[in-house]
Amino acid sequence: MSRKIIIIGAGINGLVAANYLQRNGYEVSIIEAKAKVGGACTSETVTLAGKDYRYASGASVLGLMQRFIFEETGLSKKLKTFVPESPKLVFFPNDSEPTVIYRNPKDLDRELRDKWGEQGNIEAFREDESRVIDFLQTGYRDAVTPNLEDARSNLGETLTNLWITGDAKTLLDHYFTSDRAKIYMAMTVAESGPVSIREKSSH
Ligand SMILES: Cc1cc2nc3c(=O)[nH]c(=O)nc-3n(C[C@H](O)[C@H](O)[C@H](O)COP(=O)(O)OP(=O)(O)OC[C@H]3O[C@@H](n4cnc5c(N)ncnc54)[C@H](O)[C@@H]3O)c2cc1C
């Protein structure tokens, strides 16, 4: 049996798959269309009002990339976890001042109320999001494909409907009131492919 494998695309998934296959005796070649590897896990720089800002072109936090993968691939010895000292900044068109995405939900709540007139429940959003991520990560480590039965018994009917079977628009409307908060938060919950946020399972 041939032990040669070709992987199309050197995004994080292609790179991790290549690493596991190679360590298990396969001869792996990767074909990448772009000049640099990393796919949606890379960074770009933009200049706004004469100041350079480095930003992630896709993933900024590899929340679904488990610690055991960093360890098994050897990445943990080569990479240092990068935690930016300052929080993320958001500019909407014509904003002269950025909106600061504080990590502390209470600070973020205040900032979004002041800047965007947001009246929703950011703390509840973050708490529920963590529960869903925790559920997915546990299944991932145990190599269990996520399924609705497990989701309902772990998360309950309401969170399963909101976060798993429903659409991103309903999810955003549930937690937020302002269009700006919904647009920003949509980036963290919406499917990154070309899917309408009104479609079922669009997050
Ligand atoms: C805006 C945004 C924010 C995100 N934020 C997060 C986050 O905070 N945390 C998180 O965990 N995830 C996040 N994600 C998701 C995460 O980035 C993706 O799940 C992950 O990068 C997917 O990796 P991948 O290798 O499957 O695909 P990609 O990263 O898309 O890589 C695919 C690669 O294949 C190449 N390719 C495609 N077709 C061909 C071809 N025919 N021939 C040769 N090469 C080809 C592409 O050039 C690309 O390099 C975000 C995504 C986006 C878009």
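Everything here concerns the structure above.
Bear in mind the structure is a predicted one, so any value in this text is a computation, not a measurement.

Conventions adopted
- Residues numbered from 1 in each chain as written.
- Predicted model: local features only at pLDDT ≥ 70, side-chain atom pairs only at ≥ 80, totals over all residues.
- Heavy atoms only, no water.
- Phe/Tyr/Trp six-rings, centres within 6.5 Å; stacked < 30°, edge-to-face > 60°.
- Helix = DSSP H or I, 4+ residues; strand = E, 2+ residues; numbered from the N terminus.
- Lys NZ or Arg CZ within 6 Å of the ring centre and 35° of its normal.
- Pairing = 2+ DSSP bridges.
- Buried < 20%, exposed > 50% of the residue type's maximum accessible area, 1.4 Å probe, protein only.
- Contact = heavy atoms within 4.5 Å.

(A) Structural context of the packing of aromatic side chains. Following the criterion strictly, the structure yields nine aromatic pairs and no others. Judged by centre distance (5.6 Å) and plane angle (65 degrees), the ring pair of Tyr-53 and Phe-91 falls under edge-to-face. Pair noted here: Tyr-53 is in strand β4 (residues 51-56) and Phe-91 is in the loop between β5 (88-90) and β6 (99-101), with a separation of 38 residues, a long-range link. Ring pairing ties together the aromatic residues Phe-125, Trp-163, Tyr-175 and Phe-176, which thus form one cluster. Above the ring of Tyr-26, the side-chain terminus of Arg-3 is found at 4.4 Å from the ring centroid.

(B) Highlighting the pairing of strand β3 (residues 43-48). Relative to β4, β3 runs antiparallel, the two sharing six bridges. For Thr-45, the partnering residue across the bridge sits in β4 and is Arg-54. Here β3 hands over to β4 after two residues, with Ala-49 in that stretch at a positive phi of 50 degrees.

(C) View of the environment of Ala-143. For Ala-143, the location among the structural elements is in the loop between α5 (122-141) and α6 (148-165). Along the primary structure Ala-143 and His-174 are separated by 31 residues, whereas in three dimensions their C-alpha atoms are 31 Å apart.

(D) Inspection of the side chain of Glu-111 at higher detail. Looking at where Glu-111 falls in the secondary structure, it is placed in helix α4 (residues 105-116). Using a relative accessible area of 7% as the deciding quantity, one classes Glu-111 as buried. Sequence-distant contacts of Glu-111, defined by excluding residues within four places in its chain, comprise Pro-98, Thr-99, Val-100, Tyr-102 and Trp-116.

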